[in-house]
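# Residue-level structural notes
This is what each chain is made of:
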Amino acid sequence: MTDFRDLLRLRRSVRDYEDREVPVSLVRELITDACEAPSASNRQPCGFVVVANRGMMRRLSDESKKNLLSDMKALKSPMLRLYRPVLKDENFNVFYNAPCLIYITGPRDLHSTVKDCSLAASYLMLSAAGRGLGTCWVDLGSAIKAPETLAELHIPEDHKIVASIILGYPREIPPRPPRNEPKILTIIK
Ligand SMILES: Cc1cc2nc3c(=O)[nH]c(=O)nc-3n(C[C@H](O)[C@H](O)[C@H](O)COP(=O)(O)O)c2cc1C
């Protein structure tokens, strides 16, 4: 068992994966671990959608890129300038050719959905790191809106996608990006 503090440093965002499937039984174990996360009132609202099909992931990547581009344009978002080149690049797969993707969803109108699903995502990523797997939260892959696609993914109509986590066997673990000094605003004793 990896020491927990070592595990925290072992988890990195991995963007380069071996061409090897992750067994569904293992994905199920990660999801079980994700469900150990706390949730408001213990409501456990998260849904998990597993896509272990690179063709489908490519389609999802294309759809998300297209939606992000039009959303950013409509909102006149300053992020557009930053992300436009990759979003417009036909060859760029937001999922980096990973073999597996997990969407974590929750009820749109529940006040704690983002918090609950984000905690589940953290647990899932740490569980994966502890088992030698790599993950990366890929927000660029979350903008799925077409009703046909949502139906294909079996995402309930009242759910939204909160987290989009890719998963696979890392070719290598990237170095730890620098962290700022903690912003401890106050310690009142
Ligand atoms: C909410 C969220 C969204 C992210 N979206 C993306 C993304 O779309 N594409 C990507 O390559 N990485 C994405 N990342 C990964 C971050 O870039 C990464 O966590 C950060 O650079 C720190 O690296 P580390 O995870 O190895 O500590 C995202 C991370 C978070 C938490």
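Here is what the cut-offs are and how they apply
- Residues numbered from 1 in each chain as written.
- Predicted model: local features only at pLDDT ≥ 70, side-chain atom pairs only at ≥ 80, totals over all residues.
- Heavy atoms only, no water.
- Near = heavy atom within 4 Å.
- Polar contact = N/O pair within 3.5 Å; in protein donor to acceptor, adjacent residues only side chain to side chain.
- Nonpolar A, V, L, I, M, F, W, Y, C, P; charged D, E, K, R; others polar.
- Axes fitted to C-alpha atoms, helices over the stretch in contact; angles between N-to-C directions.
- Helix = DSSP H or I, 4+ residues; strand = E, 2+ residues; numbered from the N terminus.
- Parallel < 35°, antiparallel > 145°, perpendicular 65-115°, else oblique.
- Left-handed = near helix turned anticlockwise from the far one by under 90°.
- Contact = heavy atoms within 4.5 Å.
- Patch = residues over 30% accessible without salt bridge, like charges linked within 9 Å, V, L, I, M, F, W, Y side chains within 5 Å.
- Areas by Shrake-Rupley, 256 points an atom, 1.4 Å probe, with all protein chains shown as cover.
- Salt bridge = Lys/Arg side-chain N within 4 Å of Asp/Glu carboxyl O.
- Lys, Arg positive; Asp, Glu negative; His and termini not counted.
- Charge placed at Lys NZ, Arg CZ, Asp CG, Glu CD.
- Buried < 20%, exposed > 50% of the residue type's maximum accessible area, 1.4 Å probe, protein only.

## Examining the site of the ligand
Neighbouring the ligand are the residues Arg11, Arg12, Ser13, Arg15, Tyr96, Cys136, Trp137, Val138, Asp139, Leu140, Pro177 and Arg179. Between the ligand and Leu140, the relevant distance is 3.0 Å, taken from an oxygen atom to a main-chain nitrogen or oxygen of the residue. At 2.7 Å, a side-chain N or O of Arg179 approaches an oxygen atom of the ligand. When grouped by side-chain class, the residues that make up the shell around the ligand number six nonpolar, one polar and five charged.

## A word on the packing of helix 2 (residues 24–34) against helix 5 (residues 113–130)
The geometry of helix 2 relative to helix 5 is characterised by a closest axis approach of 8 Å and an angle of 135 degrees between their N-to-C directions. Comparing their axes, helix 5 and helix 2 come out oblique. When you trace helix 2 past helix 5, the crossing you get is right-handed. Listed contacts from helix 5 to Leu30, Ile31, Asp33 and Ala34 of helix 2 are Ala120, Tyr123, Leu124, Ser127 and Ala128. Its residues assigned to classes, the contact of helix 2 with helix 5 shows seven nonpolar, one polar and one charged.

## So, the environment of Ser39
Position of Ser39 relative to the elements: it lies in the loop between helix 2 and strand 1 (47–51). Sequence separation between Ser39 and Asp62 is 23 residues, and the spatial gap between their C-alpha atoms is 32 Å.

## A few points about a positive patch on the surface
Where like charges cluster on the molecular surface, the positive patch consists of Arg5, Arg9, Arg176 and Arg179. The topology assignment puts Arg176 in the segment after strand 4 (159–168). On the accessibility criterion, Arg176 (46% relative accessible area) is partly exposed.

## Considerations on the packing of helix 3 (residues 54–74) against helix 4 (residues 79–88)
Interhelical geometry of helix 3 versus helix 4 gives an angle of 155 degrees and a closest axis separation of 10 Å. The angle between helix 3 and helix 4 falls in the class roughly antiparallel. Here helix 3 and helix 4 pass one another in a crossing that is left-handed. Of the residues in helix 4, those touching helix 3 at Lys65, Leu68, Leu69, Met72 and Lys73 are Met79, Leu80, Tyr83, Arg84, Val86, Leu87 and Lys88. Residue composition of the contact of helix 3 with helix 4, by class: eight nonpolar, no polar and four charged.

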